[in-house]
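The residues making up each chain are set out below.
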Amino acid sequence: MPNRARFRIPCLLILLLLLTVVAGLGYWAFRKTGAWLVVADPLDRSRAIVVLSGLPPYRAMGAAELYRQGWAPEVWLTTDDGRGIESAFARLGIPHPSETDYNRQVLATLGVPAQAIRVLPTPIRNTFDELTEVAATLREARAERVIIITSPPHTRRVRTIWHLLVGSHPQVIVRYDSYEDYRAADWWRTTTEGDDVVREVLGLINARLGFIARPKN
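What you are looking at is a predicted structure, and each value in this text was computed from that prediction instead of being measured.

Chemist: With reference to specific residues and values, describe the pattern of salt bridges.
Modeler: A full pass over the atoms with the stated rule returns six salt bridges. Note that Glu-200 and Arg-157 form a salt bridge whose closest N and O atoms lie 2.7 Å from each other. Residue Glu-200 is found in helix α7 (residues 191-208), and its partner Arg-157 is found in helix α6 (residues 155-165); the two are separated by 43 residues along the sequence. The class of Glu-200 is buried, set by a relative accessible area of 3%. Classification of Arg-157 by relative accessible area gives buried; the value is 14%. Ionic pairing is found between Arg-183 and Asp-186, a salt bridge with its closest N-O pair at 2.7 Å. Taking relative accessible area as the criterion, Asp-186 reaches 18% and is therefore assigned buried.

Put into structure tokens, the structure is as follows:
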């Protein structure tokens, strides 16, 4: 019995040490998740700068900045499928500008000429639809490269979905606008960043599993 006790104590200490290491790594990964979601590819001359839907006016502001710097001759906007807030306003008979309208106004205000703004006509519901439409438009134009502007925590998922759907050709350059207040270092302290991080992590898991979760019809 004494021999067994002497053997059991070191085993318990090793197990406790392993649990401590695992807990420490888990806590470190938890804290770093907000920053890990943010990626920014090197800029290069491209066919267009695409403003992904969501959070006007920030993404359009970022696109206008890159346009003024000369990275692309056009800015592309996507078209919502009308099943969201705009459809609710329409049923009430209340005029309500679409997100595309807002983005167009932002671009014009920031110096992007009307002839350089292109609205992709196919209605979209989510990032999957948007990237599919952008890739198809690029291939029709026989273009090599596109810059996509989105929110900081959304960048990794955008790049992942593009590589899963499209591959490396045409090439995507994923960038985020610098106008949104995204606190990556302590994302768990606010509901806004917390919601963003949880949504993006779940979206990445869904993409890696083959997009098993789709928008409802």
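Chemist: Kindly report on the side chain of Glu-200, identifying the contributing residues and their values.
Modeler: Within the local environment of Glu-200, its side chain forms a polar contact with the side chain of Arg-157, the two groups lying 2.7 Å apart. Those residues in contact with Glu-200 that sit more than four places away from it in its chain are Leu-37, Pro-153, His-154 and Arg-157.

Chemist: With reference to specific residues and values, describe the side chain of Glu-133.
Modeler: With respect to the helices and strands, the residue Glu-133 is situated in helix α5 (residues 127-140). As a buried residue without a salt bridge, Glu-133 has its nearest oppositely charged side chain in Arg-118, at a separation of 7.1 Å. Aside from chain neighbours lying at most four places away, what touches Glu-133 is Leu-120, Pro-121 and Thr-122.

Chemist: With reference to specific residues and values, describe the environment of Glu-133.
Modeler: Given the relative accessible area of 14%, Glu-133 is considered buried. In this structure, the C-alpha to C-alpha distance between Glu-133 and Leu-120, residues 13 residues apart in sequence, is 7.8 Å. In terms of polar contacts, Glu-133 uses its side chain to reach the side chain of Thr-122, at 3.2 Å.

Chemist: Before we move on, can you summarise unusual backbone geometry with the specific residues and values?
Modeler: The omega angle of the peptide bond from His-169 to Pro-170 is -5°, so this bond is cis rather than trans. Its place among the elements puts Pro-170 in the loop between α6 and β5 (171-176).

The rules behind each value
- Residues numbered from 1 in each chain as written.
- Predicted model: local features only at pLDDT ≥ 70, side-chain atom pairs only at ≥ 80, totals over all residues.
- Heavy atoms only, no water.
- Salt bridge = Lys/Arg side-chain N within 4 Å of Asp/Glu carboxyl O.
- Helix = DSSP H or I, 4+ residues; strand = E, 2+ residues; numbered from the N terminus.
- Buried < 20%, exposed > 50% of the residue type's maximum accessible area, 1.4 Å probe, protein only.
- Polar contact = N/O pair within 3.5 Å; in protein donor to acceptor, adjacent residues only side chain to side chain.
- Contact = heavy atoms within 4.5 Å.
- Lys, Arg positive; Asp, Glu negative; His and termini not counted.

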